[in-house]
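Chains, contacts and geometry: an overview
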Amino acid sequence: MSEQSLNAPGQPKRRLFVEIFLGAGVAASLASFLYPVLRYIFPPETAEATSDTVLAGRVGDLKPNTGKIFRFGSRPALLILTPDGQYSAISAVCTHLNCTVQYRSDLRSVWCACHNGMYTPDGRNISGPPPRPLDKYDVFLKGEEIYVRRQGNA
Amino acid sequence: MDVLGTVRKWLDERIGLHGLVEFMEHKKVPQHRYSHWYFFGGMTLFLFGVQVLTGILLLLYYRPSPNEAYESVEYIMTQVRFGWLIRSIHSWSANLMILTASVHMFSVFFLKAYRKPRELTWLSGMLLLFLLLGFGFSGYLLPWNTLSFFATKVGTDIAGQVPVIGKWISVFLRGGEDVTGATLTRFFGFHVAVLPGIATALVALHVLLVQRFGMSVPPSVEAEWEARPSERREMRFFPNFLLRELMAWYVALAILGGLAAFKPWELGTKADAFASAPPGIRPEWYFMFMFQTLKMIPPKIWIFDGELLGVLGFNAAFVVWVLLPFFDRGPGGRAQRWVTGAGVFALGYVVVMTVYAYFAK
C-alpha cells in the first residue's frame with residue numbers, strides 16, 4: 001500500500017529520467033565511436049609546396065609556338081613560348097573540371113581535351129565550358145634558366 | 001540405399017528440405033506477352049555472380065599502388081595464363097551488367113511493376129543501380145591508366161561541385177586535394193570491400209522482396225485477365241521458369257565470352273599526373289549522356305555557374321526518378337500519364353544524348 005503510493009505518481013517521472021539518461025548515454029558512446037572514425041576518414045592536410053618559385057626549364061627547351069608541362073609543387077603547370085617569342089606560364093589544371101590542358105600549336109591556344117575548353121596562351125578562357133581563367137605565373141630568366149613564380153610573391 | 005538419397009534424408013530430417021522443394025514447386029510466374037522482360041533482372045544477378053568470381057581471381061595478382069597497379073594488370077594480361085580472359089570478362093561483364101540493369105529498370109518502369117506494394121523493391125533496385133555505377137567508377141581507376149586517371153579527376157571534381165558539402169565529398173573520395181596514389185588505395189577499398197558488402201546485402205533484400213510479392217503483372221494484362229479469367233496463364237517457377245532463366249544466362253555468357261575473346265579489354269597507357277589529357281578522351285558509354293550535357297552547357301546561365309546548374313539538375317532528376325512511383329496515383333489518372341511521359345522523356349534524352357555524343361566532335 002505504502003509502496004504503491006510512493007511509486008504510482010512518481011513512475012512516469014522515473015521512467016522519463018531513466019530514458020533520458022539511457023538515451024544520452026547511448027548517444028554519447030555512439031558519438032565517441034563515430035567521431036574518431038569521421039576524423040580518420042578525412043586525410044591530414046598536407047603542407048602546400050613551400051617554394052613559390054620553381055625552375056620550369058632552360059632557354060632552348062622550347063621552340064616558338066610550343067608549350068610544355070612542368071611541375072609546380074604537386075600540380076602540373078604549362079610553360080609556353082608564344083610565336084612572337086614571349087614566355088608565358090600558367091596553371092595547367094583546367095578551371096572547368098580539373099583535367100590537364102595542353103598548348104595547341106595549330107590553334108595557337110591552350111586546349112583541354114576533356115570537354116573542349118579553350119584559353120589564350122596567357123590563360124584567359126575564350127570558349128567552351130571553363131568558367132574562369134587559368135592561374136597566371138610570373139616568368140623570369142636567370143642566365144639560361146627559366147624560373148616561374150606565383151604572382152603576388154615578389 | 002544410394003548415397004545421395006541418404007544425404008538427402010539426413011538433411012531433410014534436420015532442416016526440412018522437402019519444405020523448400022515444395023515451395024519451389026508451388027511458386028508460380030505469370031505468363032503473358034511481356035514475360036520476357038522478367039529475364040533481365042535474373043541476367044543482372046548472373047553477371048553480378050560473374051563479377052564476384054572474376055574479381056576474386058583478379059585479386060590474386062592485382063596490387064593497389066600507383067607504382068605497381070598498371071604493371072600488375074599488365075602482368076595479369078600478358079604473363080598469367082588466361083589472365084587476359086579473366087580481366088576482359090570482368091570489364092565486359094561490368095558493362096553488360098549496367099546495360100541489363102538499365103533495361104531491367106526501364107522495363108519495370110514502363111510495365112509499372114513499381115506500384116504498391118512494390119515501392120521498396122523499386123527503391124532497393126535503384127540503390128543497387130547507383131551502387132553499380134559506383135562499382136564502375138571505382139573499378140575504372142584501378143588499372144591506373146591515363147583514361148581512368150582523368151575520368152577520376154573529372155568525376156570527383158563534379159562531386160566537389162555540390163554546394164556546401166562538395167569539398168568534403170571530393171576530399172573524402174580522393175583521399176586528399178588531388179587524385180593521387182591515395183585515391184587509388186581508397187577506390188580499391190571501396191571497390192573490393194565496401195561496395196560488395198553493401199551490394200550483397202541489398203541484392204538479398206531485393207530478391208527477398210521480389211519473392212515476397214511475386215512477379216508483377218502489368219496493368220493492361222491484369223485488366224484483360226480480369227475481363228476474361230480463362231486467359232490467365234502461369235508457369236511453375238521450378239523447373240519451367242528457372243530453366244528458361246538458365247537459357248537467358250547462357251545467352252549472356254555467350255555474348256560475354258564472345259566479347260572477351262574477340263574484343264579483349266584494352267589497358268591503355270600508364271597514368272602520368274604531369275601529362276596533358278590526351279585528345280579524344282571520354283568516359284564510359286553509360287556516363288556519356290551526362291558528359292555530353294556538361295560539354296554543351298554554357299559556362300554562365302544568367303548569374304549562375306552553368307556547370308553547377310548541370311550537376312544539380314542531374315542530381316534533382318535522379319531524385320525525382322527514384323521517387324516517381326510515389327507520384328503514380330493508379331491507372332487512368334492524370335498523374336500516371338505524367339509519370340509515363342517523364343519515363344519516355346528520360347529514356348529519349350539518355351538515348352539521344354548518348355548517340356549524339358558519339359557523333360559530335
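Below, the structure is looked at part by part.

Here is what the cut-offs are and how they apply
- Residues numbered from 1 in each chain as written.
- Chains lettered and ligands numbered in written order.
- Predicted model: local features only at pLDDT ≥ 70, side-chain atom pairs only at ≥ 80, totals over all residues.
- Heavy atoms only, no water.
- Axes fitted to C-alpha atoms, helices over the stretch in contact; angles between N-to-C directions.
- Helix = DSSP H or I, 4+ residues; strand = E, 2+ residues; numbered from the N terminus.
- Parallel < 35°, antiparallel > 145°, perpendicular 65-115°, else oblique.
- Left-handed = near helix turned anticlockwise from the far one by under 90°.
- Contact = heavy atoms within 4.5 Å.
- Pairing = 2+ DSSP bridges.
- Buried area = accessible area lost by both parts, 1.4 Å probe.
- Salt bridge = Lys/Arg side-chain N within 4 Å of Asp/Glu carboxyl O.
- Polar contact = N/O pair within 3.5 Å; in protein donor to acceptor, adjacent residues only side chain to side chain.
- Buried < 20%, exposed > 50% of the residue type's maximum accessible area, 1.4 Å probe, protein only.

Moving on, we come to the packing of helix H3 (residues 39-59) of chain B against helix H9 (residues 181-213) of chain B. Residues and elements named next belong to chain B. Running from N to C, H3 and H9 point in directions that differ by 150 degrees, and their axes come no closer than 12 Å. Overall, the two elements H3 and H9 adopt an arrangement that is roughly antiparallel. Two packed elements cross with a definite hand, and for H3 against H9 that hand is left-handed. On H9, the residues that touch Leu-45, Phe-48 and Leu-59 of H3 are Phe-188, Val-192, Ala-199, Thr-200 and Val-203.

Residues and elements named next belong to chain A. As summarised here, the arrangement of the six strands in space is S1-S10-S9-S4-S3-S2, forming an open sheet in which the pairing is antiparallel. Across the chains shown, the open sheet's two edge strands, defined by having one partner strand only, are strand S1 (53-58) and strand S2 (66-72). For this sheet the average axis-to-axis angle between neighbouring strands, irrespective of direction, equals 30 degrees. Summarising the sheet, strand S4 (residues 87-91) and strand S9 (residues 136-142) pair through two bridges and their orientation is antiparallel. For Ala-89, the partnering residue across the bridge sits in S9 and is Tyr-137.

Looking now at the interface of chain A and chain B. With 26 residues of chain A at the interface, the matching set in chain B holds 30 residues. For the pair chain A and chain B, the two sides together bury roughly 2400 Å², of which 59% comes from carbon and sulfur. Summed over the shared surface of chain A and chain B, the result is one salt bridge. Linking A:Arg75 and B:Asp178 is a salt bridge whose minimum nitrogen-to-oxygen distance equals 3.0 Å. In this structure, the connection of chain A to chain B is made through six residue pairs in polar contact (both at pLDDT 80 or more). Where the side of chain A that touches chain B is concerned, the elements lending two or more residues are S2 and strand S3 (75-81) of chain A. If you tally residues by element for the side of chain A that touches chain B, the top one is S2(A), at three residues.

Turning next to the pairing of strand S6 (residues 109-112) of chain A. Residue and element names in this part refer to chain A. Taking every second residue as pointing to the same face, both faces of S6 are buried, with Ser-109 and Trp-111 on one and Val-110 and Cys-112 on the other. Note that strand S5 (residues 102-104) and S6 share three bridges and pair antiparallel. Residue pairing across strands places Gln-102 opposite Trp-111, the latter belonging to S6. The loop that links S5 with its antiparallel partner S6 comprises four residues; one of these, Arg-108, has a positive phi angle of about 50 degrees. Hairpin connection of S6 to strand S7 (residues 117-119): four residues between the antiparallel strands, including Asn-116 at a positive phi of 65 degrees.

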